[in-house]
2 protein chains.
Amino acid sequence: MFELRDLPSREALEKLRERYENLDVTAVDAFLRLLRTGEDAAASMERHMAAHGLSLRRFSVLILLARNPDGLSPSQLAAGTGVSCATMTGVLDTLERDGCVVREHAATDRRAVTVRPAPEGMARLDAVLPGHYDRVATVMAALSPQERETLTALLGKVSQGLSRLS
Amino acid sequence: MFELRDLPSREALEKLRERYENLDVTAVDAFLRLLRTGEDAAASMERHMAAHGLSLRRFSVLILLARNPDGLSPSQLAAGTGVSCATMTGVLDTLERDGCVVREHAATDRRAVTVRPAPEGMARLDAVLPGHYDRVATVMAALSPQERETLTALLGKVSQGLSRLS
DNA sequence: TCCATATATTTCGGCTCCTAAATATATCCT
DNA sequence: AGGATATATTTAGGAGCCGAAATATATGGA
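For clarity, every value in this text was computed on a predicted model and none was experimentally measured. (Residues numbered from 1 in each chain as written. Chains lettered and ligands numbered in written order. Predicted model: local features only at pLDDT ≥ 70, side-chain atom pairs only at ≥ 80, totals over all residues. Heavy atoms only, no water.)

Any chance you could explain the interface of chain B and chain A here in plain terms?
The figure often quoted for interface size is the accessible area lost as the parts come together. Residue-level contacts link 72 residues of chain B with 72 residues of chain A. Together, the buried faces of chain B and chain A total about 7000 Å²; carbon and sulfur atoms form 70% of this surface. With its nearest N and O atoms 3.2 Å apart, the salt bridge here joins A:Asp126 to B:Arg19. Counting the contacts that link chain B with chain A gives 18 residue pairs in polar contact (both at pLDDT 80 or more). (Contact = heavy atoms within 4.5 Å. Buried area = accessible area lost by both parts, 1.4 Å probe. Salt bridge = Lys/Arg side-chain N within 4 Å of Asp/Glu carboxyl O. Polar contact = N/O pair within 3.5 Å; in protein donor to acceptor, adjacent residues only side chain to side chain.)

In structure tokens, the structure reads:
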């Protein structure tokens, strides 16, 4: 048993290639490592957020609202954090229940809603951010400044590659 | 509005540092790029899997079972794919309902369950894998073999950094 | 004006994810 | 043997995720 959580070895991938000849070993290796590391990074952030009554998604919403104190619409927040409008409804329900945001009907367009930050939301952000930046610094301490630049650039190329799929 | 989905610019991060002096700009930049790319890669895979009646998690379970035709326990599958046992129960419910796996009580230990692959599960794997490997190759075509090695190595360092957090 | 079409948000049903608690079975110690 | 403890899995309850359908409101043209 060795796939995914324990990433497959090069030899295992070579063997799989006998069955699936279009399998590109170095490509799959890097891709699985990316999936795994991204998942672990997100899980680690999620744990820190949970200690302060937030989730990664609610945190992202509050970050956006901190920069836009006049409020944003649910659809802007959905686009800004990468989820569907239907999902954002549920996230905002939780944030509103906890007193982190306020929903108001927009003055001009009665279909639209304006979501504004509430003091509790900004307080949670202030409570969670210093520790968050500490943790990021700790994780990235394993890489030199030059290596961080390289990593950022290579991930950018992967993002470009992903956009070619659609 | 620019955070997270549109990653913040270097200037925006410099500005944030006035407020949070422990913010390490190159670290946060690389970390956010990692979160974003990992999420996009997973979402892209998820879409491909969905076209064949699978999810990323159910796919991972089937991959593990393909290499272990004699079956694995729910807890082994949970550990192998990185979720809790409680979550694995639900994943297996779906897979069993769809005829992709079979659950049997273990002969020796009546608490334990053995999950075995069923023909439908292996058929779905065969249907999904060639296209999957094609997609991975397409995404990674943006990187040279040398760059892929570098990316894998750098992500490995990030994983090490993550393990220092706990 | 009034209807068709477009837009903003929510609701609904299904899957996934978690922790904590419940259930069933093993095992170890006296 | 019998009871405490440990292990394997499931259940319960809450959050988040989606696409599709429902609801409410705007807007543009006949």
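Could you clarify how one ought to interpret the pattern of salt bridges in this entry?
On inspection of all chains with the given rule, the structure shows 28 salt bridges over all chains. Taking the shortest distance from any N to any O, the salt bridge between A:Glu149 and B:Arg10 comes out at 3.7 Å. Of this pair, A:Glu149 sits in helix α7 (residues 145-163) while B:Arg10 is found in helix α1 (residues 10-19), placing the two residues in two different chains. Between B:Asp109 and B:Arg111 there is a salt bridge whose closest N-O contact spans 2.7 Å. What you see here is one network of salt bridges that share partners, running through A:Arg97, A:Asp98, A:Glu120 and A:Arg124. (Helix = DSSP H or I, 4+ residues; strand = E, 2+ residues; numbered from the N terminus.)

Looking at this structure, how should I read the protein's contact with DNA strand D?
Not every one of the 26 residues close to DNA strand D is listed here, only the nearest: A:Arg58, A:Thr87, A:Arg97, B:Ser75 and B:Arg111. Near the protein, within 4 Å, the atoms of DNA strand D are sugar or phosphate in 73% of cases. In the model, a phosphate oxygen of DNA strand D is placed 2.9 Å from a nitrogen or oxygen of the A:Arg57 side chain. Between DNA strand D and A:Thr87 there is a distance of 2.4 Å, counted from a phosphate oxygen to a side-chain nitrogen or oxygen. Of all the secondary structure elements, the ones that give two or more residues to the surface near DNA strand D are α3 (56-67) and α5 (85-97) of chain A together with α4 (74-81) and α5 (85-97) of chain B. At six residues, the largest contribution of residues to the surface near DNA strand D is made by α5(A). Taken together, the residues of the surface near DNA strand D break down into eight nonpolar, ten polar and eight charged. (Near = heavy atom within 4 Å. Nonpolar A, V, L, I, M, F, W, Y, C, P; charged D, E, K, R; others polar.)

I keep staring at the protein's contact with DNA strand C and nothing clicks. Help me out?
Taken together, 24 residues surround DNA strand C, and among them A:Ser75, A:Arg111, B:Arg58, B:Thr87 and B:Arg97 come closest. Each atom of DNA strand C within 4 Å of the protein was assigned to sugar, phosphate or base; sugar and phosphate come to 70%. One of the side-chain nitrogen or oxygen atoms of B:Ser55 is found 3.1 Å away from a phosphate oxygen of DNA strand C. B:Arg57 is positioned such that a nitrogen or oxygen atom in its side chain is 2.9 Å from a phosphate oxygen of DNA strand C.

Can you help me understand α5(B) in this one?
Since the α-helix advances by 3.6 residues per turn, residues separated by three or four positions end up pointing in the same direction. Residue and element names in this part refer to chain B. The terminal C-alpha atoms of α5 lie 18 Å apart, and with 13 residues this matches the ideal 18 Å at 1.5 Å per residue to within 8%. Every buried residue of α5 is listed here: Met 88, Val 91, Leu 92 and Leu 95. Along the axis of α5, the buried residues cluster in a sector spanning 100°; they form a single face. When the buried face of α5 is taken as reference, the exposed residues oriented beyond 90 degrees from it are Ala 86 and Arg 97. Of the surrounding elements, those touching the buried residues of α5 are α3 (56-67), α4, β1 (101-105) and β2 (113-117). Two residues or fewer past α5, Gly 99 is found with a positive phi of approximately 75°. (Expected span 1.5 Å × (residues − 1). Buried < 20%, exposed > 50% of the residue type's maximum accessible area, 1.4 Å probe, protein only. Arc of directions from axis to C-beta.)

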